[in-house]
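Here is how the chains run, residue by residue.
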There are 2 protein chains.
Amino acid sequence: MPKIVDHVKRREELSDATLRLLARSGLRAITTRSVAEEAGWSTGVVNHYFSSHHDLLIQALRRAVQRQTDYVRTVTRRAGDDPLERLRLMMQASLPLDERSVSLLRIFLIFYAEAGDNTEASEEVREYLSSWRRSVTRLIKAAQSAGQISADLEAVDLASDLIALADGLAIHAILDPDVLTRYEQRGTALLALLEGRWSLRVERTERVNTERRPRRPS
Amino acid sequence: MPKIVDHVKRREELSDATLRLLARSGLRAITTRSVAEEAGWSTGVVNHYFSSHHDLLIQALRRAVQRQTDYVRTVTRRAGDDPLERLRLMMQASLPLDERSVSLLRIFLIFYAEAGDNTEASEEVREYLSSWRRSVTRLIKAAQSAGQISADLEAVDLASDLIALADGLAIHAILDPDVLTRYEQRGTALLALLEGRWSLRVERTERVNTERRPRRPS
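Source: prediction; values computed, not measured. (Residues numbered from 1 in each chain as written. Chains lettered and ligands numbered in written order. Predicted model: local features only at pLDDT ≥ 70, side-chain atom pairs only at ≥ 80, totals over all residues. Heavy atoms only, no water.)

Q: Hey, could you go over helix 9 (residues 177-186) of chain B for me, with residue numbers and the actual values?
A: If you check which residues of helix 9 of chain B are buried, you get Val179(B), Leu180(B), Arg182(B), Tyr183(B) and Arg186(B). For helix 9 of chain B, the buried positions fall inside an angular range of 165° around the axis, keeping them on one side. Among the exposed residues of helix 9 of chain B, those pointing more than 90 degrees away from its buried face are Pro177(B), Glu184(B) and Gln185(B). Where helix 9 of chain B is buried, its residues touch helix 7 (120-145) and helix 8 (155-175) of chain A together with helix 5 (83-93), helix 8 (155-175) and helix 10 (189-194) of chain B. Two or three places before Asp178(B), at the opening of helix 9 of chain B, Asp176(B) has a side-chain oxygen 3.0 Å from that residue's backbone nitrogen. A positive backbone phi angle near 70° is found at Gly187(B), which sits one or two residues after helix 9 of chain B. (Buried < 20%, exposed > 50% of the residue type's maximum accessible area, 1.4 Å probe, protein only. Helix = DSSP H or I, 4+ residues; strand = E, 2+ residues; numbered from the N terminus. Arc of directions from axis to C-beta. Contact = heavy atoms within 4.5 Å. Polar contact = N/O pair within 3.5 Å; in protein donor to acceptor, adjacent residues only side chain to side chain.)

Here is the structure:
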């Protein structure tokens, strides 16, 4: 009796192997042979599932997005009903702290580098960013309803900044471990400002400014 | 009499051609032939100055950094003694609004994608980011001395966030024109919060929070 092959599962296994290699050793480590070795299959099997090196990377991109989406869902669920805490966990989930997040970042950087080439993958990357922005916008609105963030702020503008900050921090952190250490010690300035931890101090400064120049109408 | 060739100038010309192509058409457009055509020289000349495709990109990286550094110096000088305005101009200088900034971003994305490969170029990218962070830290400290930003905030933490935000916004903007439009219409949330434009509103929210839970020690 022939073995029943679960094609979806095998493709995922191979993509997971690609992502592990990417997290450990970067783009240059990705070859048909290295992926085959990492996954414990022959190069023939790898060639069966992926039509090219680029296809291998695109499938890895999709797998990384799927794993990140699952992970964020699980992690934020733990935060229960606290929208600001969910927001913080969502930010943290994109930092390069483990194999999952490092490989997600590296596979995204590969396709960011193609921006302007108008590939199918660029479209998928754009869609992922839009979806991330929508999730963050929803959480900011929930935090506004809960009185954690001022209702006067534009949720979609903040969301746009917040995901840019998260992505930018992650990219800089992968190049410079100091950025990561600094983030782990104190979170981000934007989140601290949003939840008002620094606002009283800023407000004090604002009062000083008032003496020097007319305050903007608010 | 043989022509005197200014090698530095010719190398810059060729790198500028690479950067123009990159801004217009992305990474796939960069070949020895296309660079030669864009610069108005033969492929032989291109091969004389660059030992490989990768070397062509590294030289373009250095040229882009040099052009960006010159541009930022000129632009911020115009802002005179206002540190917050200089900070805003420095943020804007990284947004993909023209050929210079789009090509800078695209060449950086190519080398970000190599992060983990530990190339010589990774080291140069890291050094550029450190230098950018130091400049922003200096401007934040000057803005603190001028009473524009609270002196209680950690300048180096804010600088780290601010350049991550600027870079993240630029990367997202190159993929999604909506991000760029939104930035042009309102700047960034972080800068607005830093200069206290939103702080009074946030402070109002903080007061509401106080009734629900103990305030953190400040």
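Q: Which residues make up the environment of Ala39(B), and what are the values?
A: Residue and element names in this part refer to chain B. Counting through the fold element by element, Ala39 comes out in helix 2 (residues 32-39). Separated by 140 residues in sequence, Ala39 and Val179 have C-alpha atoms that sit 33 Å apart. Not counting residues up to four positions away in its chain, the partners in contact with Ala39 are Leu14 and Ala17.

Q: Go over the nonpolar core, please, and point to the residues and values.
A: Ranked by internal contacts, the top residues of the largest apolar core, which has 140 residues, are Ile107(A), Tyr112(A), Ile107(B) and Tyr112(B). Dropping the residues within four chain positions of it, Ile107(B) is found in contact with Leu19(B), Leu22(B), Leu57(B), Ala60(B), Leu61(B) and Ala64(B). (Core = buried A, V, L, I, M, F, W, Y, C linked by side-chain atoms within 4.5 Å.)

Q: Before we move on, can you summarise the side chain of Arg133(B) with the specific residues and values?
A: Within the secondary structure, Arg133(B) is located in helix 7 (residues 120-145). Beyond its immediate stretch of four places on either side in the chain, Arg133(B) contacts His172(A), Asp176(A), Val179(A), Arg182(A), Ala159(B), Ser160(B) and Ile163(B).

Q: Give me the pattern of salt bridges: which residues, what numbers.
A: Under the definition given, this model contains 34 salt bridges over all chains. With its nearest N and O atoms 2.7 Å apart, the salt bridge here joins Arg20(A) to Glu38(A). In this pair, Arg20(A) is assigned in helix 1 (residues 7-25) and Glu38(A) in helix 2 (residues 32-39), connecting sequence segments 18 residues apart. Across the pair Arg182(A) and Asp157(B) runs a salt bridge whose closest N-O atoms are separated by 3.7 Å. Of this pair, Arg182(A) sits in helix 9 (residues 177-186) while Asp157(B) is found in helix 8, placing the two residues in two different chains. (Salt bridge = Lys/Arg side-chain N within 4 Å of Asp/Glu carboxyl O.)

Q: Describe the packing of helix 8 of chain A against helix 9 of chain B, naming the residues involved and giving the relevant values.
A: Between helix 8 of chain A and helix 9 of chain B, the shortest axis-to-axis distance is 11 Å and the interhelical angle comes to 115°. Comparing the axis directions of helix 8 of chain A and helix 9 of chain B gives the class roughly perpendicular. Here helix 8 of chain A runs over helix 9 of chain B; the crossing is left-handed. Of the residues in helix 9 of chain B, those touching helix 8 of chain A at Val156(A), Asp157(A), Ser160(A) and Asp161(A) are Val179(B), Arg182(B) and Arg186(B). Considered class by class, the residues forming the contact of helix 8 of chain A with helix 9 of chain B number two nonpolar, one polar and four charged. (Axes fitted to C-alpha atoms, helices over the stretch in contact; angles between N-to-C directions. Parallel < 35°, antiparallel > 145°, perpendicular 65-115°, else oblique. Left-handed = near helix turned anticlockwise from the far one by under 90°. Nonpolar A, V, L, I, M, F, W, Y, C, P; charged D, E, K, R; others polar.)

Q: Help me get a handle on the packing of aromatic side chains, residues and values and all.
A: Tallied over the entire structure, the rule returns six aromatic pairs over all chains. For the ring pair Phe108(A) and Tyr112(A), a centre distance of 5.9 Å and an interplane angle of 70° mean the geometry is edge-to-face. With Phe108(A) and Tyr112(A) both in helix 6 (residues 99-112), this residue pair falls four residues apart, about one helical turn. Note on Phe108(A): relative accessible area 4%, which makes it buried. Ring geometry for Tyr128(B) against Trp132(B): centres 6.2 Å apart, planes inclined by 40°, an arrangement best described as tilted. One end of the pair is Tyr128(B) and the other is Trp132(B), both in helix 7 and four residues apart, which spans about a single turn. Both residues of the pair, Tyr128(B) and Trp132(B), belong to the buried class. Members of the aromatic cluster, joined through ring pairs, are Phe108(A), Tyr112(A), Tyr128(A) and Trp132(A). (Phe/Tyr/Trp six-rings, centres within 6.5 Å; stacked < 30°, edge-to-face > 60°.)

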